[in-house]
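Here is how the chains run, residue by residue.
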Amino acid sequence: MPLEIERKFLVTSEDFKEGGKSVEITQAYLTIQENLALRVRIEGLHASMAIKSKISERVNREYEYNIPIDEARSMMKLSVYAHIIKTRHLVEYENHIWEVDIFHGENEGLIVAEIELDDKNEGFEKPPWLGEEVTSDYRYLNSNLAQKSFNSW
């Protein structure tokens, strides 16, 4: 069973941009339930569909499949939720890759960093630009941001 173990943090400065790679992402949710979301994403020239199911605060089941980009665009039109638009920066720090998302549109002003781990208790070094941990605050889940934007809190 494919598992995703991640921790999520707010970001306190834009120092993470030094030397990182970035890509534009647009994603839409076709369904959002309490512990299940079906997401379509376009990331640069790549498209995918993912089924995510929350197991615990830090652990999700995640099934992700590549799909043709034209089909992704068509499926996104089926969404009744706001699209998530963000710039993702991939930043290496102390042998881990951080995904730092700068949100746009209704979520403008939100910058969140995620780290994927091999074990839910795995230790890691925190970069100096990292702020408060928000892993347990489900408002920061992308699926929840699609339903209630950061700027409406």
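Above this text sits the structure in question.
Quick caveat, the model's predicted, so the values are computed rather than measured.

Definitions and limits used
- Position labels on residues start from 1 in each chain and follow its written sequence.
- Whole-chain, interface and lining totals are the exception, using all residues; otherwise, since this is a predicted model, local features are given only for residues with pLDDT of at least 70 and side-chain atom pairs are given and counted only at 80 or more.
- Water and hydrogen atoms were dropped before computing side-chain values, which therefore reflect all heavy atoms in the structure.
- For patch building, the residue pool is restricted to those with more than 30% relative accessible area and no salt bridge; the joining distance is 9 Å between like charges and 5 Å between nonpolar side chains (Val, Leu, Ile, Met, Phe, Trp, Tyr).
- All accessibility values rest on the Shrake-Rupley procedure with a 1.4 Å probe; residue burial counts only the protein chains present in the view.
- Only one rule defines a salt bridge in this text: a Lys or Arg side-chain nitrogen within 4 Å of an Asp or Glu carboxyl oxygen.
- Here a strand is any run of E in DSSP of at least two residues, a helix any run of H or I of at least four, and the numbering for each starts at the N terminus.
- Exposure is judged per residue with a 1.4 Å probe applied to protein chains only, and the accessible area is read against the type maximum: over 50% gives exposed, under 20% gives buried, and values in between give partly exposed.
- Throughout, a contact is declared for two residues whenever any of their heavy atoms are within 4.5 Å.
- Residues belong to a common nonpolar core when they are buried Ala, Val, Leu, Ile, Met, Phe, Trp, Tyr or Cys residues joined through side-chain atoms within 4.5 Å.

A. Main features of a nonpolar patch on the surface. Side chains of Leu36, Ile51 and Tyr65 sit close together on the surface and give an oily, nonpolar patch of about 250 Å² of accessible area. Relative to the elements of secondary structure, Tyr65 occurs in strand 5 (residues 59-66).

B. Geometry of the side chain of Glu62. With respect to the element layout, Glu62 can be found in strand 5. Classification of Glu62 as buried rests on a relative accessible area of 15%. Residues within four places of Glu62 in sequence aside, it is in contact with Pro2, Glu4, Arg39, Ala50, Ile51 and Lys52.

C. Representation of the nonpolar core in the model. Of all hydrophobic cores here, the largest spans 16 residues; its most connected members are Val11, Phe16, Trp98, Val100, Ala113 and Trp129. Of all elements in the fold, only strand 1 (3-11), strand 7 (96-103) and strand 8 (111-117) reach the threshold of two or more residues within this core. Broken down by element, the residue count for this core peaks at four residues, all from strand 8. Each residue touching Ala113, except ones within four places of it in the same chain, is listed here: Arg7, Lys8, Phe9, Val11, Trp98, Glu99, Val100, Trp129 and Leu130.

D. Representation of unusual backbone geometry in the model. Located in the positive-phi region is Glu94, a residue other than glycine, with phi close to 50°. Examined against the element boundaries, Glu94 turns out to sit in the loop between strand 6 (84-93) and strand 7.

E. Quick peek at the pattern of salt bridges. Scanning all chains against the criterion turns up eleven salt bridges. Taking the shortest distance from any N to any O, the salt bridge between Arg39 and Glu64 comes out at 3.3 Å. Of the two residues, Arg39 sits in strand 3 (residues 36-43) while Glu64 sits in strand 5, which places them 25 residues apart along the sequence. With a relative accessible area of 41%, Glu64 lands in the partly exposed category. Here Glu43 ties to Arg41 by a salt bridge, and the two come within 3.8 Å at their closest N and O atoms. Assessed through its relative accessible area of 8%, Arg41 is described here as buried.

In short, the description is geometric, and any link to function would need to be established separately.
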